[in-house]
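Spelled out, the chains give:
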Amino acid sequence: MYTDFQSYLQTTLKEIEEAGLYKNERVIVSPQRAAIKVNTGKDVLNFCANNYLGLSDNQELIDAAKKALDERGFGMSSVRFICGTQDLHKELEQKIAEFFGTEDTILYAACFDANGGVFEPLFTEEDAIISDALNHASIIDGVRLCKAKRYRYSNANMEELEECLKQAQAQRYRVIVTDGVFSMDGNVCPLDKIHELAEKYNAMVMVDESHSAGVVGQTGRGTTELHNLRGKIEIITGTLGKAFGGAIGGFTTGKKEIIAMLRQRSRPYLFSNSIPPMVAAAGCAMFDMMARTNELQDKLHANTEYFVAKMKEAGFDIKPTQSAICAVMLYDAKLSQQMAEKLLDEGIYVVGFYYPVVPKDQARIRVQISAGHEREHLDKAIAAFTKIGKELGVIK
Ligand SMILES: *Cc1c(COP(=O)(O)O)cnc(C)c1O
């Protein structure tokens, strides 16, 4: 049996490779941070991590994790409702709710699970889920697991959303689902307009703040802060795996009855392990830090503004961004790969994206700015971009 299947896999893998879509992994041999070492021995500056606040190697979080490791052990060996809940997990859930101005929170092993487990327990075939076309894969998968009627509007297109809402009036309940920040462009969802339409057409709203939490809004509280909608959005999902330390863990936070129902019925919560105590403890320390100081958010915002301004000055075409994601538009797929490779030779680690990850002829290099970057890191990246950009005829 396996021989046939094996040759099928070999052929398919070869096709992926020949299409230039084979994903190779670069191996890092240092902690995740702005300046990293890769296994070729090269030191590079990292501009492609979701480490927006530079917390992946933060000493305060490491210390909190070590302390919990000593005091609370390594793992929980249980799902939450059997014997996988420590006070640390409850504390972290509370702190997440305080951070977002919501009523309650439920933790998951990852945001992929939070999104995978949020729709099916809440909505049935009588209901409607209205989803932005560029929503994250985990939202798409979560929606697939639910029998609700599906509607889709093109990215941030409010006319299309309104049309979907009109069509969905026959359904019992309606929920509009959107990413807070769309990861390929860095644009923030128009949450103010979405909320307005939701009010007008009697719908609820769910925002996935994975790329926006810690980043968007003056204090990094996400798109609800940016649009003055704190406490007004029914469901927020997010990750501890990006700005918030980058380890592991996801959550759904929002109205308390919704969270209570998820604790009863959400399958990735009921049938998957609890996050380790050290991760919960570091998460608590991280939210304490967020409550104490806005230093990292301020630095991230200043870094992003500086980088975008300097890159534009150099002549690069940067997509309008309200996040820490800067899409340097090159349009040509091959050029995006060439440029990323040459930048790596210059010690700048960035990734070029092209179709089908982004639309055809919309190839780009995605730069992710961090509070972990110092001014000299940014200057080095800008200089390298300028040098290679001229070499490849991207800028004059
Ligand atoms: C990264 C991401 C996720 C997945 O988060 P994990 O915690 O890594 O599973 C979900 N949604 C969005 C929008 C993301 O960007």
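Model, not experiment: these values are computed from the prediction.

Scoring rules and cut-offs
- Residues numbered from 1 in each chain as written.
- Predicted model: local features only at pLDDT ≥ 70, side-chain atom pairs only at ≥ 80, totals over all residues.
- Heavy atoms only, no water.
- Helix = DSSP H or I, 4+ residues; strand = E, 2+ residues; numbered from the N terminus.
- Rg over C-alpha atoms; globule rule 2.2 N^0.38 Å.
- Buried < 20%, exposed > 50% of the residue type's maximum accessible area, 1.4 Å probe, protein only.
- Contact = heavy atoms within 4.5 Å.
- Near = heavy atom within 4 Å.
- Polar contact = N/O pair within 3.5 Å; in protein donor to acceptor, adjacent residues only side chain to side chain.
- Areas by Shrake-Rupley, 256 points an atom, 1.4 Å probe, with all protein chains shown as cover.
- Phe/Tyr/Trp six-rings, centres within 6.5 Å; stacked < 30°, edge-to-face > 60°.
- Lys NZ or Arg CZ within 6 Å of the ring centre and 35° of its normal.
- Pairing = 2+ DSSP bridges.
- Axes fitted to C-alpha atoms, helices over the stretch in contact; angles between N-to-C directions.
- Salt bridge = Lys/Arg side-chain N within 4 Å of Asp/Glu carboxyl O.
- Parallel < 35°, antiparallel > 145°, perpendicular 65-115°, else oblique.
- Left-handed = near helix turned anticlockwise from the far one by under 90°.
- Nonpolar A, V, L, I, M, F, W, Y, C, P; charged D, E, K, R; others polar.

A.B. asks: Got a sec to walk through the overall build of the protein chain? Specific residues and values, please.
C.D. replies: Helix and strand counts for the protein chain stand at 15 helices and 13 strands. Its C-alpha atoms give the protein chain a radius of gyration of 22 Å, within 12% of the compact-globule value 21 Å for 396 residues. Taken over the C-alpha atoms alone, the protein chain extends approximately 60 × 60 × 55 Å along its principal axes. For the protein chain, buried positions account for 52% of its 396 residues. For the protein chain, the share of sequence-separated contacts (at least 6 apart) that also reach a separation of at least 24 residues comes to 69%.

A.B. asks: So what's going on with the site of the ligand? Which residues, and what values?
C.D. replies: By nearness alone, 13 residues border the ligand, and Cys111, Phe112, Asp208, Thr239 and Lys242 come closest of all. Residue Ser210 places a side-chain N or O atom 3.4 Å away from a nitrogen atom belonging to the ligand. A distance of 3.2 Å separates an oxygen atom of the ligand from a polar side-chain atom of His211. Taking 380 Å² as the accessible area of the ligand by itself, protein coverage stands at 82%. Broken down by element, the shell around the ligand gets its largest block of residues, three residues, from helix H5 (residues 111–116).

A.B. asks: Describe unusual backbone geometry, naming the residues involved and giving the relevant values.
C.D. replies: Between Tyr355 and Pro356 the backbone carries a cis peptide bond, its omega angle lying at 10°. Position of Pro356 relative to the elements: it lies in the loop between strand E12 (351–353) and strand E13 (363–368). If you check the backbone angles, Ser77 has positive phi at about 50° while not being a glycine. By the element assignment, Ser77 lies in the loop between helix H2 (59–72) and helix H3 (80–83).

A.B. asks: Report on the packing of aromatic side chains, specifying residues and quantitative values.
C.D. replies: Applying the stated criterion across every chain, the model contains eleven aromatic pairs. On the numbers, 6.0 Å between centres and 65° between planes, the contact of Tyr108 with Tyr269 is edge-to-face. Here Tyr108 is found in strand E3 (residues 104–108), whereas its partner Tyr269 is found in helix H11 (residues 267–270), with 161 residues between them in sequence. One aromatic cluster is present, formed by Phe99, Phe100, Phe244, Phe251 and Phe287 through successive ring pairs. A cation over an aromatic ring shows up here: Lys360 above the ring of Tyr355, its NZ or CZ 3.9 Å from the ring centre.

A.B. asks: Give me the lowdown on the sheet that holds strand E9 (residues 250–254), citing residues and values where you can.
C.D. replies: Spatially, the seven strands line up as an open sheet ordered E3-E9-E8-E7-E6-E4-E5, and their pairing is mixed. Only two strands of the sheet have a single neighbouring strand rather than two, namely E3 and strand E5 (149–153). Here the average twist between neighbouring strands, direction ignored, is 20°. For strand E6 (residues 174–179) and strand E7 (residues 204–208), the ladder comprises five bridges, and the chain directions are parallel. Bridged to Asp179 within E7 is Asp208. Helix-sheet contacts for helix H4 (residues 87–100) involve E3, strand E8 (235–239) and E9, and the interaxial angle to E3 is about 125°. Against the sheet, helix H7 (residues 158–167) engages strand E4 (128–132), E5 and E6, with an angle of about 160° to E5.

A.B. asks: How would you sum up the pattern of salt bridges? Please name residues and give values.
C.D. replies: This model, assessed by the stated rule, comprises 21 salt bridges. Salt-bridge contacts for Arg80 lead to Glu93; the nearest nitrogen and oxygen are separated by 2.9 Å. With a gap of 13 residues between them, Arg80 in helix H3 and Glu93 in helix H4 connect regions that are remote in the sequence. Assigned by exposure class, Arg80 and Glu93 land together as buried.

A.B. asks: Give a description of the environment of Leu344 that names residues and reports values.
C.D. replies: As for its position among the elements, Leu344 is in helix H14 (residues 333–345). Residues Leu344 and Leu69, spaced 275 residues apart in sequence, show a C-alpha to C-alpha distance of 37 Å. Excluding residues within four positions of it along the chain, Leu344 makes contact with Arg26, Lys42, Val44 and Tyr349.

A.B. asks: Which residues make up the packing of helix H13 (residues 295–313) against helix H15 (residues 375–391), and what values do they have?
C.D. replies: Direction vectors running N to C along H13 and H15 enclose 20°, while the axes themselves pass 10 Å from each other. As summarised for this structure, H13 and H15 are arranged roughly parallel, according to the angle between their axes. Between H13 and H15 the crossing geometry is right-handed. Side by side, H13 and H15 meet where Asn303, Tyr306, Phe307, Lys310 and Met311 of the first sit next to Arg375, Leu378, Asp379, Ala381, Ile382 and Phe385 of the second. For the contact of H13 with H15, the class distribution of residues is seven nonpolar, one polar and three charged.

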